[in-house]
Each structure stands twice: as structure tokens, then as C-alpha cells.
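# Summary of structural features
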Amino acid sequence: MNKLPKKKTNNFKYFLLSLVAPVVGIVISALLLFFLILLIRKGSISDTLYAFRVMGKTLTSTKDLGYIIARAEPLAISGIAAAIAFRAGVFNIGTEGQYYIGGLVASIYAIYFSIKSPAFHWLNVIFVVLFAMLGGALWALIPAILKMKKGVHEVITTIMMNQIAYTTAKYFVNGPLSGVKVGESLEPKTLDFPPSVTFHKLYDIFHGHFPFPKYIPLYESLFIAAILIFIVYIIIFYTNWGFEIEMLGTNPNAAKYSGVPPRLVVFNAMLWSGAIAGLINLQEIFGIKGYYTHHMTSGLGFDGIAVALIGYNNPIGVVLAALLFGFLRTAGYNLQFELGIPNSTMDLITGFIIIVMVIASVAMNRYISKLRRKEVLSGAGDR
Amino acid sequence: MPGDIILKMENITKRFPGVLANDHINFDLKEKEVHALVGENGAGKSTLMKILYGLYHPDEGTIYIKIDGELKPVKFKNPQDAIRHGIGMVHQHFMLVYGLTTIENIILGYEPSSVIDFDTARKNIEKIMTESGLHVPLDVDVEVLSVGQQQRVEILKVLYRNAKILILDEPTAVLTPQETEELFTIINRLKEQGHSIIFISHKLHEVMEIADRISVMRKGRLVHTMPKSEATKEKIAELMVGHPVLLDVPRPDVTPGDVILEVKDLTVESDTKGVMAVNNVSFHIKAGEIYGIAGVEGNGQAELIEAIYGLRHPKKGQVIIKGEDITGKPTHIIRKKGVSHIPGDRHKFGVFLPFTLADNSILGHHREEKFARYGIFRRFSNISKWAMEIIKKFDVRTPSEKVPMSALSGGNQQKFVVGREISFDHDLMIAAHPTRGVDIGAMEFIYRQLFEEKKQNKAILLVSADLDELLLLSDRIGVMFKGKIIKELDNTNRQVTPKEVGYYMLGGDLESHNGGDTVGGEQIA
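So, a few notes on the structure that sits alongside this text. (Residues numbered from 1 in each chain as written. Chains lettered and ligands numbered in written order. Predicted model: local features only at pLDDT ≥ 70, side-chain atom pairs only at ≥ 80, totals over all residues. Heavy atoms only, no water.)

## Here's the deal with the overall build of chain A
The condition that has to hold: Every helix listed is a DSSP run of H or I at least four residues long, and every strand listed is a run of E at least two residues long, numbered separately from the N terminus. Restricting the calculation to C-alpha atoms gives the radius of gyration, and the globule rule supplies 2.2 Å times the number of residues raised to the power 0.38. Only protein chains enter the calculation, and the probe is 1.4 Å; a residue is then buried if its accessible area is under 20% of its type maximum, exposed if over 50%, and partly exposed in between. Residue burial considers only the protein chains on display, and all accessible areas are found by Shrake-Rupley using a 1.4 Å probe.
For chain A, the count of helices and strands is 16 helices and zero strands. For 383 residues, the compact-globule estimate of 2.2 N^0.38 gives 21 Å, and the C-alpha radius of gyration of chain A, at 23 Å, lies within 12% of that figure. Over its C-alpha atoms, taken along the principal directions, chain A stretches across nearly 80 × 60 × 40 Å. When burial is assessed residue by residue, chain A has 52% of its 383 residues classed as buried. Summed over its atoms, the accessible surface of chain A is roughly 17,900 Å², and 71% of this surface lies on carbon and sulfur atoms.

Shown next, in the form of C-alpha cells:
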């Protein structure tokens, strides 16, 4: 009966097998990239090899590593938000709008209600987080209610809510919250946030003991992301909340049979997905800019869906996928700078990775379940 | 009388990864013969038939078909090839297109010309119908036909494609006893007209009734072929499982105790608004009693269970468990009050296939302190221990509790579900089709477990489409027809006959006894 160690190695084997698909996706995409660059550089092998060296250097320079992390941060949060909904079998396409509104609500707090004394900075940060989550959840509330009460499909409602979110943000920035003074820049924006609210640079917090240069946009929001990912990880894998979400995403009928109220769990998953989505762009709003504007980085919500997909809806996978995206973007900028290779080449590669990975993972899953069955059948006599 | 051999399968071998599905099988079929193929699930019957029908290709072996008076080897690339050689298959799950009429379904994929010539088709089909005795209305949507009629359409489809050899895969699984008899009449008639039939079934008494020869398969091998004259039910069962099975599991003698479940005037709306799936149903079950519900599927059994189990809100009436009214309470509360439920459709309701056995072992009770601290933080070691207990106690064949449910065979999955539901504290067990899709070995095991439940003074509500099972297990049987229990039969001494139940399953003497008042949802007096 001493088969505990065997069991462990077996599960480890299946874990390794599940990594095959992303690796295959990346390797095949790297090949494609090789030929693309070859094409762009008119067949010059030496240029192409140089391009790959540039990409390699991206991984070794501290400056680039800093940028990779900074770019991965909002994508990781966005990926987590999407993953929570996906796990419950809900397609929250509305993370895009939810972060616009989350940021807006947090900004209203920052401008009008925040504590002005720098001693209460951390309290302000906590309130910013709470209000951003509130805003995101609020934006997910309407699709969630419609889904729960009337069964309206969330893809349609959340997409529409995205459009409304953008115009709402635009209205607030140009109207009630407008902070543009005569004679200043024409960029529509709100008033600047008080210094007691804006996020500090990690470089300053660590008094220069930080490995990355001062100009790298890494702020306290990185802590927020880390804590969030940790909490979500615990919830997904160690609590009944995560278990019930997973039940619902896997088999709603069996979930019902198990006494899990399906509508309620979907409703909650949707709200929490929205709440987390509210946090996506705090880095830019409260760190880089220090004011709110609807002219901020857009598309983070949609990128997050891709991140969740590549990361298998697993928080750790999501972090790795976000770092991969961060790397591809940073490397893309370097390639453009050094060789004039268009930045969008990297977007193309990102899309290609997803497609190859999805195909590979379908094949791998089939292979894995075959292997599992075989193992059970052959091991059946042991007991 | 059976004539010459018209089909021969020689040394057919088919391997799947890790499984030898067919091991050098020799099988033949004579002209005008019904050759029954029996065996447990996973014995290799379906694989063999799929090879014959061109869906699988054998690794070894040859198929011979009589062409122009002599047996010639053939190779089927696909079912079209098989059909061209006169082989037709009636699948267990009908392959009909709802929304199309009967005639359209029959000619679909085999239209007489590119511009459909319905007149010629109709003439051909009508000729087949008069010859075979298979009468079905041709111009109605197949969806409105009864299950028995839909099956006839399936057989007509095969005959329309000029099949000489008919493969019937578990054709009686969905039929009432009366419909089964009609099917047998048709089979005999087809036989007389020169057709040969391969009849796959679980039900031994049917095999004994209809077959000329019987082949038994076990674990990928064809263990024995015999003429009916040499066969007995016991002998077939023994060959199927390899050891004699006491299908007649002795019933424990238990004096019924207090009333555990009481259902009063329960009325439940079906998915179609305004139609009552369950209509004023009342009954009670005492401790140590098995109450069977018989009925053709779709007469309200599923909705009745869902209402008791809290998955559906009753429109009217009460469900009382141990004196406590639980009508309309949510499922997890009802489970806590001591209700266990073996769901009818295991894959749809009973398990999460990608989850591990451990995760599957606590469904419905996962919030209990034993499995989760404060009802939230899951206690994995307790869950694993619990799963291991079920696995050991109910002989589930698996290397560990950490494998996904999907890796187990159907019988083992069902054993696990039954074991799980028995293991939780309960007073009422709702068992819906507890042996559906499992082999005789597992079936007997489950019967014994249910009797063990009875001995433990549990009240058991048994819903089953298998009459033999109901008659074997139940103390009382309520027959449901159009949402009502139209007859309650006392079966304490197993005195009820299948015929009797079948009579009421089709509505029985409603007209004469009740004056035809309250049938169905629409005409309540």
C-alpha cells in the first residue's frame, strides 16, 4: 500500500505535460517571428539573428526587466479578473469598461474625499483600492443582474457597458471633474490628485536599494497586484468559494444537484471579476499620471482575456502569461528602435501564440486523459 | 428457419490504448436468424458492431459477406460501405432530425434523385411498411411520435436502404413491455421475409424470447455461442460475469417503521408553462421500506424527484420529511435534513468528470465543518480520507483518490456515486435509475447496497425504467401516468407481475375505473 510517493510523481508528470502546450506555442511562434523578421529585413540572416540577440538582451538588462514587470502588472490584474469569471463559466468581456469606471470612482475619492495629511497615505491607498473595486463591481452589476434575473447573455451586455463606460468617463472628465485651467495644456483631465493619495515610486520607498532605475514606472500598485493575486490564488484553490465557482464552470447541472445555487454563484463571480477589473489601471492613474483622464491606455481589459487564456485561468499561469506579454511588448519596442521592425509584429506573434497554444492544449488534454484512463485500467488490479 | 451463413467475422481483433477491446472474435450470422449478442458493458459488443458497421477498422481479422451465393471478404471504409453491402444499424440513441417529417427522415441522405421525388419515395416506403408491418404516420414531425414509433422510423430508415442484416443496439431499453412485444412481432416478421438480425441486449428474458442463437461476450472475448435450446437465463448470466450471479438477491425482512417521507397533493409545473408534470400526487414511505415508482419515462417522475430534492419549486402541496415541512427549501438544506440522492443521469448531475474522486466525494456536503474549516477553508486531508473510505467500502477500482473521475469506467463511477450517497448521514434515499448503464456485476452490488439501506431502516424512493429492478426491490410500487400515481401495487411478497405494471404504465383502466376524469394537466374537473 506504500504508493504515496508514486502518486506524487505521477501528478507531477501530468503537471509537466500540461505545460507542453504553452511551450509549443512559444517555440512555434518564435519560428514564425524568425521568418517574419527575415521577410521584413529582406532576407538578411545576420539582421535576423541580431534581432533575436536584441530580444535576448531584453531579458538581461535591468532597465528592460523593470519595464517588463511594469507592463505585466496591469495585464496580470486584468487576467485575474477575466479568469475568475471564466472559471465560473461566465464571459466577462466588460473588464475594459470596468477599469475605466473603477479608476473614475477612485479618482472622485482622491479629488474630493481623500485625507490631505501625508501621514494617512496608506489609508488613502486602501480607500483608493476599495473605491476602484466598488466602481468596477458597479459596472458589472447591471450585466450580472440581467444575467441572473433574465438570463441575458453577458457578452452582449458587457460589451455595451464598455461603450457606456468610455463615454461616461469622457463626460466626467470634460464636465463635472474637469481640471483644465485656461492657458494650460489642452489635454482633457481632472484636477491633479493631492500628493497624499498618489502612489509612491518603489524606487523611493526602497531608498535606492531598488534594482531598477528610477524612471521605471513601478509604484506601490505592484504590492496591490501581488496581494490580490495571492488572495485570489488562496480563494480559488483552498476555499469553497473557489470550489463552487469551479463546479459551476465545469457542470452547472451537477452544481445544482450539489446544492450550489447557480445564479447566485454566477452573480458573485461576475461582481468580483468586475471589482478586480476596477484595479487594472491604478498604476497609470495614481502612479504615472496623478490625475484621471479617459485618454489612458486602452485595451488592457481585452489583453487580460488573452492573458487568462494563455495562463489557463490559473493565477500563477496568469502572472507568467502577463510577464510574457510584458516581455513581448518591451522586446517589440527595442526591435522597432534598433531595427525598425514594426511594433505590431509583436501583436501578431501574441495572437499566433494563443492560436497555437489552444490547438496544442486540445491535443494535449486528449492525450492526458487517455493516459489517465490507461493508468487507471492497468492499475485497477493492484488494489 | 435459419438458412446459410451470410455474414462471417473471423479473428476480429481491435486494440485501443491499454485495452484489448476485441480479442480474436469469430462471429457469424445465418439467413433468417436472430442472433443475440449479450455481455456486460465494456465487454466489446459495441466495438464489434462498430467494426461491422464500418465505424472502426479491425487491427486483425476479416469480414466475409455472402455476395452472389458465396462468402467473399470485404473491407468497410465507412458506414456507407457497410450500408452498400446490406448492413443497417439501429442505434440505441435515435438519429432522427426533429422538425422534419417521418418521410423526410427516412429518405434523408438517400434521396431518390437530386430533386426529391417524394411520390416514388412514398411508394417505396409504403411497400416496405405493408411488408414489414411497421406502420408510422409519414407526414408528421417525428418529434410528436412516441418513442416506440420513433424506433420504427429508425428501422424503416434501415430497410429503405435495402439492409438485409439489421443490427439492433439495445432496442428495448426505451420501450414499455407492450411496445417490446410489438417490436418482437416485427422482428419475427422481418425474419420471415429473409432478413437477419443481430440483437444486442442486457435483458436476458428478452434474449431468451426472441433469439435463435445467443453469443456471450466477456472482456473482449466471445466466450460462447449456443442455440436457444441449450441456453437458460442462469447460464447466460454466468457466462457474462464469469461466476454465477444471484440476480434474485434475497430481500431482507424489515418491518416498516415511522413515516419518513410524506408527499401531499404535490403539483409541479413542467418546463412548459401551464402544463403540470406532477399532478396532485400523494404517497408516503416508511423507514425500512422501498417505494418504487414505475412509469414510461416522461410521465413526471423526474419532476417529482426534483421537487422533493429542492431543484424545482412545487406549485402546490407539501413535502414532509420526518414531520418537518421542507417544501420549496433549497437543495443544500434538504440534504442536511437527511436526504441522499443517486441521480438518474450520472454524467449530467452526479459527478464532475474533470474533478478528482476526492473532490467528487463531498458534493452537496462540501460546506460541512468536517470538510471545510468555518465552511470555507477546505480540509484536504479529511476530504481525501473520506474519499478513500468510499473507494474501499464500495470497491471502486482506482489507483488513488487523486485521479480525475473521467478516468474511471462507467460502472466504477456509478459505484462511487452510490457509495457517496450512502455514506452521508441520511434517512431518505432517492435512487433514480441506480443501475442505468452498469454491468450485471455492479448491478447486483448496487441491489445489495440498497437492501443494506433497507436493513438500516432508511426509507428508499426508487425510480427506475427497468421493471425487473422495480419488482425485485420494491415493497410497494406506484405507477405514474401523465403526472399522477394512478395505481399503487403491494409487492411485499413480490406478487406483482411485469404485465400488471405495464398495463397501468400505459394508462391502464383509467377510463373504466375513474370515469375518465383527471387525466393529464389540461382537463381537471
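## Digging into empty space enclosed by the protein
All names here are of chain A. Put simply, the rule is: Lining residues are defined by having an atom within 4 Å of a point belonging to a cavity or pocket. Those points lie on a 1 Å grid over the protein atoms alone, cavities being sets where a 1.4 Å probe fits but cannot get out and pockets being open sets with protein on both sides within 12 Å along at least five of seven lines. Grid points are joined across faces, edges and corners, and a volume is the space filled by probe spheres set on the points. Classification used: nonpolar for Ala, Val, Leu, Ile, Met, Phe, Trp, Tyr, Cys and Pro, charged for Asp, Glu, Lys and Arg, polar for all others including Gly.
Inspection of every chain in the model, using the stated rule, returns one cavity of 30 Å³ or more. Here the largest cavity is characterised by a volume of approximately 30 Å³. At the level of elements, α15 (315-339) and α16 (344-379) are the ones that each hand at least two residues to the lining of the largest cavity. Class assignment for the residues of the lining of the largest cavity results in three nonpolar, one polar and two charged.

## Notes on the interface of chain A and chain B
How large an interface is tends to be reported as the accessible area lost when its parts come together. For clarity, the threshold we go by: Two residues form a contact once any of their heavy atoms are found within 4.5 Å. Buried area: the accessible area, evaluated with a 1.4 Å probe, that two parts lose upon being put together, summed over both parts. What makes a salt bridge here is a side-chain nitrogen of Lys or Arg within 4 Å of a carboxyl oxygen of Asp or Glu, nothing more.
Residue-level contacts link 32 residues of chain A with 47 residues of chain B. Around 3,400 Å² of area is buried between chain A and chain B when both sides are counted, 63% of it from carbon and sulfur atoms. One can count one salt bridge joining chain A with chain B. The residue R367 of chain B makes a salt bridge to E244 of chain A at a minimum N-O spacing of 2.7 Å.

## Some words on helix α15 (residues 440-455) of chain B
Three or four residues apart is the spacing at which side chains of an α-helix point the same way, because the helix has 3.6 residues per turn. All names here are of chain B. To keep it simple, the criterion reads: In this scheme, a helix's expected span is set at 1.5 Å multiplied by one less than its residue total.
A rise of 1.5 Å per residue sets the reference length of α15, with its 16 residues, at 22 Å; its end C-alpha atoms lie 22 Å apart and thus fit the reference within 8%. All of the buried residues along α15 are I440, A442, M443, E444, I446, Y447, Q449, L450, F451, E453 and K454. The first or second residue beyond α15 is N457, which carries a positive phi of 65°.

## Some details on the packing of aromatic side chains
Residue and element names in this part refer to chain A. Let me state the cut-off plainly: Centre distance within 6.5 Å is the pairing criterion for rings of Phe, Tyr and Trp, where only the six-membered ring of Trp is used; planes under 30 degrees apart are then read as stacked, over 60 as edge-to-face, and the remainder as tilted.
Evaluated as defined, the whole model comprises 27 aromatic pairs over all chains. Here Y99 and Y100 contribute two aromatic rings whose centre-to-centre distance is 5.2 Å and whose plane-to-plane angle is 20°, an arrangement assigned as stacked. No difference in accessibility class separates Y99 from Y100, as the two residues are buried. Where Y233 meets F237, the ring centres are 5.0 Å apart and the plane angle is 55°; that geometry is what we call tilted. Taken as a pair, Y233 and F237 lie in helix α9 (residues 221-238) at a separation of four residues, close to a single helical turn. By relative accessible area, which is 26% here, Y233 ends up partly exposed. By relative accessible area, F237 is classed as partly exposed at 26%.

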